[in-house]
Protein chains: 2
Amino acid sequence: MSPSSGSAAVSSGIVAHAPPGLRLAHFASLLADETRAVFLLSLLDGRAWTASELARQAGVAASTASEHLSRLTAAGLLAEERQGRHRYVRLADAAAARLVESVAAYALPGRDNPHTLRAAGASSAMARGRTCYDHFAGRLGIAVTDAMERRGLLLMGSGFALTEEGLDWFGGLGIHLLPAKSRRPMVSSCLDWTERKRHLAGIAGAELCWLALEKQWCVRIGSERAVKVTAAGERALYALLGIEADELR
Amino acid sequence: MSPSSGSAAVSSGIVAHAPPGLRLAHFASLLADETRAVFLLSLLDGRAWTASELARQAGVAASTASEHLSRLTAAGLLAEERQGRHRYVRLADAAAARLVESVAAYALPGRDNPHTLRAAGASSAMARGRTCYDHFAGRLGIAVTDAMERRGLLLMGSGFALTEEGLDWFGGLGIHLLPAKSRRPMVSSCLDWTERKRHLAGIAGAELCWLALEKQWCVRIGSERAVKVTAAGERALYALLGIEADELR
DNA sequence: GCGACCGTTCGGTCCGCACCGAAGGGTGCC
DNA sequence: GGCACCCTTCGGTGCGGACCGAACGGTCGC
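It should be emphasised that the depicted structure is a prediction, and the values quoted were computed from it without experimental measurement. (Residues numbered from 1 in each chain as written. Chains lettered and ligands numbered in written order. Predicted model: local features only at pLDDT ≥ 70, side-chain atom pairs only at ≥ 80, totals over all residues. Heavy atoms only, no water.)

How should the overall build of chain A be read in this particular structure?
A count of helical and extended segments in chain A gives 11 helices and 11 strands. Across the 249 residues of chain A, 51% fall into the buried class. Considering only contacts within chain A whose residues lie at least 6 apart along the sequence, 56% involve residues at least 24 apart. As displayed, chain A offers around 11,200 Å² of accessible surface, 53% of which is attributable to carbon and sulfur atoms. (Helix = DSSP H or I, 4+ residues; strand = E, 2+ residues; numbered from the N terminus. Buried < 20%, exposed > 50% of the residue type's maximum accessible area, 1.4 Å probe, protein only. Contact = heavy atoms within 4.5 Å. Areas by Shrake-Rupley, 256 points an atom, 1.4 Å probe, with all protein chains shown as cover.)

See below:
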């Protein structure tokens, strides 16, 4: 995908025809600051935050946060919506989220360690289920992905792709996945940096997540990215994928 | 982030339990310098370069290059082998290569533009076929990948995975792909930043590349990463995948 | 209207770090 | 042994950029 061509890059100070090394370095420097990194990690839930929320999160002055947000937006990593006196920002698109995820997955230590899984025990709800930009992660994401593989809907051993049956399964939910509908892959895997296990992402993952929220199979908990499976959700997951409620706890 | 408790930094750069934002930023800062970026892009061919070659490539003094290489090595991105008075460095592993590729794919403009494909027309050989760390890229990589899809060996529309037939096909070549043999995915796709098209990577891609070089289906051209398909290679590609020689030119 | 709040802009400060040249150790060649 | 070569270490310099506080303009609520 890349920034929609030069325009964003130009406004951020880089010439379109700069040598590749310089372009790569300039771009990487966007992530190479703790404050901006905290912003991006916070935004990985795919939702919009206000400038002051992010400033508090990172522990910097509002003026500092403002400058950082302008830079990230100019580079095309963030999209913003102004509402009244608030500036809401979110990750620009799935490609931006994917990029942050992939760098984080490499840079951050594997937290397989059960007792440090999300250091503050407060967020065991996060371990159970959460959104990862626009699809499910946590045990919920893993359970769905694994169940799809068990049922022959998804190939995972030799790559990561939906089978014919998998496409039909989505069709049965009213989700019709068209190949090459956009530049974004229809199906891809996401290696979450807390779970260290691949789970369903891409358009298919996003559509499934959206459907589950719409049908109230899951609801968001508070203002966090954590989600909770409802009773109706447990029934649906069992009927559709044979997932036992125990698996999700 | 200003003071950032300077004591946090150790020789390798950062303590293990630093907050995620700081770790991510420290890591990204490795790519956030033009000289280091040039090094990494040069090393994307998967081969080993000497320190002075890289210094010349980037246009910096040997002392400067030495410091950069030490940093990249300490961080685990590069591996080094000392031979006599030479210091050879290469990308540490496929994960490191993948990381650089994914950031580059986002940061660098799409060079779909036919006439700027590898700016210096000198390297049309590169466009025909080359190695991308440890697997094939260029038209050769695309041709192999597409042919595998046409033959039902590879699913690409709904993800990216080998089918049963695909696994058998590899078995017929004497390549036995075992699931979960390592942390590296058996099959994955690589989006090359010059071609902008997915092609076969992962263990399967690497094994296939290695086999082709061993059987002299392809040979390296000069000291570049470009490869050339031999006459024996054309026969083999036709017999195995039905690839016409025209496709490769 | 006035005050509370959110965000931005502007000086000014300060630290990190990329860079070089010079000097020094290790290796290989003749 | 002597010399050329590859690399490293060490001071010193200069620039980019992250940060803050203060001042200002917009937006909402009372």
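Help me understand the relation of the copies chain A and chain B in this model?
Here the two chain copies are tied together by a rotation about an axis and a shift along that axis. For the pair chain A and chain B, the relating rotation is 180°, the translation along its axis is 0.0 Å, and the fit reaches an RMSD of 0.1 Å. Seen this way, the second copy is the image of the first under a two-fold rotation axis. In this assembly the copies share their binding face: 90% of the residues contributing to the interface of chain A also contribute to that of chain B. (Least-squares fit on C-alpha atoms with pLDDT ≥ 70 in both.)

Help me understand the sheet that holds strand E7 (residues 159–162) of chain B in this model?
Within the open sheet, the 4 strands sit side by side as E6(A)-E7(A)-E7(B)-E6(B). Their pairing is antiparallel. In this open sheet, the two strands that pair with only one neighbour each are strand E6 (154–155) of chain A together with strand E6 (154–155) of chain B. Summarising the sheet, E6 of chain A and strand E7 (residues 159–162) of chain A pair through 2 bridges and their orientation is antiparallel. Opposite Leu 154 of chain A, over in E7 of chain A, you have Leu 162 of chain A as the bridge partner. (Pairing = 2+ DSSP bridges.)

Whenever I open this one, the packing of helix H2 (residues 20–28) of chain A against helix H5 (residues 94–107) of chain B confuses me. Can you help?
The relative placement of two packed helices comes down to the angle between their axes together with the axis-to-axis distance. With their axes 9 Å apart at the nearest point, H2 of chain A and H5 of chain B run at an angle of 95° to one another. The orientation of H2 of chain A relative to H5 of chain B falls into the category roughly perpendicular. Two secondary-structure elements touch here, H2 of chain A through Arg 23, Leu 24 and Phe 27 of chain A and H5 of chain B through Val 103, Ala 104, Tyr 106 and Ala 107 of chain B. Here the contact of H2 of chain A with H5 of chain B is composed, by residue class, of 6 nonpolar, no polar and 1 charged. (Axes fitted to C-alpha atoms, helices over the stretch in contact; angles between N-to-C directions. Parallel < 35°, antiparallel > 145°, perpendicular 65-115°, else oblique. Nonpolar A, V, L, I, M, F, W, Y, C, P; charged D, E, K, R; others polar.)

For this particular structure, what's the right way to read the protein's contact with DNA strand C?
Surveying the vicinity of DNA strand C reveals 23 residues, the closest of which are Ser 52 and Ser 66 of chain A together with Thr 35, Ala 61 and His 68 of chain B. Take Arg 82 of chain A: an N or O atom from its side chain is 3.1 Å from a phosphate oxygen of DNA strand C. Interatomic distance of 3.0 Å between a side-chain N/O atom of Arg 85 of chain A and a base oxygen of DNA strand C. Among the secondary structure elements, those contributing two or more residues to the surface near DNA strand C are helix H4 (51–58), helix H5 (62–74) and strand E3 (86–91) of chain A together with helix H2 (34–43) and helix H4 (62–74) of chain B. Of the residues forming the surface near DNA strand C, the biggest block, 5 residues, is contributed by H4 of chain B. Across the surface near DNA strand C, the residue classes tally to 4 nonpolar, 10 polar and 9 charged. (Near = heavy atom within 4 Å. Polar contact = N/O pair within 3.5 Å; in protein donor to acceptor, adjacent residues only side chain to side chain.)

Please clarify how the nonpolar core should be interpreted in this entry.
Side chains of a nonpolar character, in soluble globular proteins, are inclined to be buried together. Residues Phe 27, Leu 77, Leu 78 and Leu 91 of chain A together with Leu 77, Leu 78 and Leu 91 of chain B are the most contacted members of the largest nonpolar core, which totals 69 residues. Per-element tally for this core: the top contributor is H5 of chain B, with 9 residues. Those residues in contact with Leu 78 of chain A that sit more than four places away from it in its chain are Leu 40, Leu 43, Leu 69, Leu 72, Thr 73, Val 89, Arg 90, Leu 91 and Ala 92 of chain A. (Core = buried A, V, L, I, M, F, W, Y, C linked by side-chain atoms within 4.5 Å.)

What's the story with the side chain of His 68 of chain A in this structure? I'm lost.
Residues and elements named next belong to chain A. Inspection of the secondary structure assignment puts His 68 in helix H5. Side chain to side chain, His 68 and Arg 36 meet in a polar contact 3.0 Å long. With residues up to four places along the chain from it excluded, the contact list for His 68 reads Asp 33, Thr 35, Arg 36 and Phe 39.

Explanation requested: the interface of chain A and chain B in the structure shown.
How big an interface is tends to be expressed through the accessible area that disappears when the partners come together. Facing the 51 residues of chain A at the interface are 48 residues of chain B. For the pair chain A and chain B, the summed buried area comes to about 4,000 Å², and 69% of that belongs to carbon and sulfur atoms. Summed over the shared surface of chain A and chain B, the result is 0 salt bridges. Residue assignment for the side of chain A that touches chain B shows that the elements contributing at least two residues are H2, helix H3 (34–43), helix H6 (94–107) and E7 of chain A. For the side of chain A that touches chain B, the per-class residue count stands at 35 nonpolar, 9 polar and 7 charged. Here E7 of chain A pairs with E7 of chain B via 3 bridges, running antiparallel. Residue pairing in the sheet places Phe 160 of chain A in a bridge with Phe 160 of chain B of E7 of chain B. (Buried area = accessible area lost by both parts, 1.4 Å probe. Salt bridge = Lys/Arg side-chain N within 4 Å of Asp/Glu carboxyl O.)

What am I meant to see in the environment of Arg 196 of chain B here?
Inspection of the secondary structure puts Arg 196 of chain B in the loop between strand E8 (188–191) and strand E9 (198–201). For the pair Arg 196 of chain B and Ala 105 of chain B, spaced 91 residues apart in the sequence, the C-alpha separation amounts to 8.3 Å.

When you look at helix H8 (residues 164–172) of chain B in this model, what are you seeing that I'm missing?
Think of an α-helix as turning once every 3.6 residues; residues three or four places apart then point the same way. Residues and elements named next belong to chain B. Among all positions of H8, only Gly 166, Trp 169 and Phe 170 are buried. Buried residues of H8, seen end-on, are gathered within an arc of 95° and therefore sit on one face of the element. Opposite the buried face of H8, by more than 90 degrees, sit the exposed residues Glu 164, Asp 168 and Gly 172. For H8, the secondary structure elements touched by its buried residues are helix H7 (138–150), E7, E9, helix H9 (202–214) and helix H10 (231–241). One or two residues past the end of H8 sits Gly 174, with phi positive at roughly 85°. (Arc of directions from axis to C-beta.)

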